[in-house]
Amino acid sequence: MNKKSKSSRRTFMLSLVVLLTLLTACGSNGSKESSSDSESSNKASTAKEIHIGYQKYGTVNILKAKGTLEGRLESEGYKVTWIEFPGGPQLLEALNVGSIDIGHTGEAPPIFAQAAGAPLVYLAHEPASPASEAIIVPKDSDIKTVADLKGKKVALNKGSNVHYLLVKALEKAGVDYKDITTVYLPPGDARVAFENGNVDAWAIWDPFLAAAQTATGATVLADGQDLVSNIEFYLASRKFAEGNQSVIDIFKDELNQIDEWSKANTKEVAELLSPQLGIDIPSLELASKRREYGLQPIDDSIIEAQQKIADTFHELELIPNPIVVKEATLK
């Protein structure tokens, strides 16, 4: 081998060593980055996720808009996912199948859900707000009283709070429940049917009630005053409630703080919720002014009131079997 060939071979070998070194370094860096990514991924995957169901309106909406719950639960290792539902029955159906852990509804949905075997428990409730739901008719309707509903079509969300309002209003007016035609529709579809004249009346709650009043001039035949309490409940699946007491405590504490702020800031509440709900501020102000705020514990009087509603629904064959409401409480 001549001198030139030896020099070329040395150059080739040196280049090969440098190349292998660079590849090894890149490989090490790549492995390090992959390890770091994996650690981040594992850390994210270990965060427990809490699914909260909500409807259009209520303290939960204000809590969501404020964003304070997420910060507190993050320190407990939880990530919050919010899921919207058109009404309480749909929300509790999701709880029944495990799609959500916590939610809020009125008085009637938990009764229908418990009758269907949902493993729910009552956590707390808001004060009665009877003026926040009503049976309405178009402003030019010939229907002037609840008694005039006999033989008419009434839209409502089946199993919702207004279902019980309708039952009690008809009872007071001396109209048999079977003498009207109930048209079961979620709020959005019911609003269309109401405005198009496909139904004669609509049993509905705030803020949909307030929006219909401000937009269409709808007439209130009867609201909940002297008929029903209209209480908003906070509920959870039993498994979640029993295994996550610290989360339940934080959730209730945040609700209580939001309630205290909302009492004195009805206009600010309306301004905060309007973008989230897609409902105008005047309607939300009207709704906010006629509801009560203040988290309250579940006691015997509340359980008795819920039992009365459950017994009424069973007598009307709206639920197939009798239930014991107390069984849906935490021991």
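These numbers come from a predicted model, not from an experiment.

Asks: Run through the side chain of serine 262, naming residues and quoting values.
Replies: With respect to the secondary-structure elements, serine 262 resides in helix α10 (residues 245-263). Residues in contact with serine 262, not counting those within four places in the same chain, are Ile62, Val269 and Tyr293.

Asks: Give a description of α10 that names residues and reports values.
Replies: Helix length check: α10 (19 residues) gives 27 Å between terminal C-alpha atoms against 27 Å at 1.5 Å per residue, within 8%. Along α10, the residues that are buried comprise Val247, Ile248, Ile250, Phe251, Glu254, Leu255, Ile258, Asp259 and Ser262.

Asks: Summarise empty space enclosed by the protein; cite the residues concerned and give the values.
Replies: Tallied over the entire structure, the rule returns one cavity of 30 Å³ or more. Empty space within the largest cavity amounts to approximately 360 Å³. As for the largest cavity, its lining consists of 23 residues, of which Gly106, Trp205, Asp206, Asn230 and Glu232 are closest to the centre. Looking at side-chain class alone, the lining of the largest cavity contains six nonpolar, 11 polar and six charged residues.

Asks: Tell me what's going on with the confidence of the model for the chain, and back it up with residues and numbers.
Replies: Taken as a whole, the chain shows an average pLDDT of 87; of its residues, 86% reach a score of 70 or greater. Residue range residues 1-45 is modelled with pLDDT below 50. Its contacts to residues more than four positions away, or to other chains, number two contacts.

Asks: So what's going on with the packing of helix α6 (residues 161-173) against helix α13 (residues 300-315)? Residues and values would help.
Replies: Their axes nearest at 11 Å, the elements α6 and α13 cross at an angle of 70°. Between α6 and α13, the interaxial angle falls into the category roughly perpendicular. Contact with α6, carried on its side by His163, Tyr164 and Val167, involves Lys308, Ile309, Thr312 and Phe313 of α13 and no other residues of that element. Taken together, the residues of the contact of α6 with α13 break down into four nonpolar, two polar and one charged.

Asks: Describe the pattern of salt bridges, and please don't skip the residues or the numbers.
Replies: Scanning the model with the defined rule gives 12 salt bridges in all. Taking the shortest distance from any N to any O, the salt bridge between arginine 191 and glutamate 195 comes out at 2.3 Å. On the criterion of helical spacing, the pair formed by arginine 191 and glutamate 195 is a turn pair, its members being four residues apart in helix α7 (residues 187-196). With relative accessibility at 46%, the residue glutamate 195 sits in the partly exposed group. Residues glutamate 242 and arginine 238 are paired through a salt bridge, measuring 3.1 Å at the closest nitrogen-oxygen approach. Placement of both glutamate 242 and arginine 238 in helix α9 (residues 238-243) is noted, with a separation of four residues, approximately one turn of the helix. A single network of salt bridges, built from pairs that share partners, joins Arg72, Asp253 and Glu254.

Conventions adopted
Residues numbered from 1 in each chain as written. Predicted model: local features only at pLDDT ≥ 70, side-chain atom pairs only at ≥ 80, totals over all residues. Heavy atoms only, no water. Helix = DSSP H or I, 4+ residues; strand = E, 2+ residues; numbered from the N terminus. Contact = heavy atoms within 4.5 Å. Expected span 1.5 Å × (residues − 1). Buried < 20%, exposed > 50% of the residue type's maximum accessible area, 1.4 Å probe, protein only. 1 Å grid on protein atoms, 1.4 Å probe; cavity = no way out; pocket = protein on both sides within 12 Å on 5 of 7 lines; lining within 4 Å. Points joined across faces, edges and corners; volume = space filled by probe spheres on them. Nonpolar A, V, L, I, M, F, W, Y, C, P; charged D, E, K, R; others polar. pLDDT = per-residue confidence, 0-100. Axes fitted to C-alpha atoms, helices over the stretch in contact; angles between N-to-C directions. Parallel < 35°, antiparallel > 145°, perpendicular 65-115°, else oblique. Salt bridge = Lys/Arg side-chain N within 4 Å of Asp/Glu carboxyl O.

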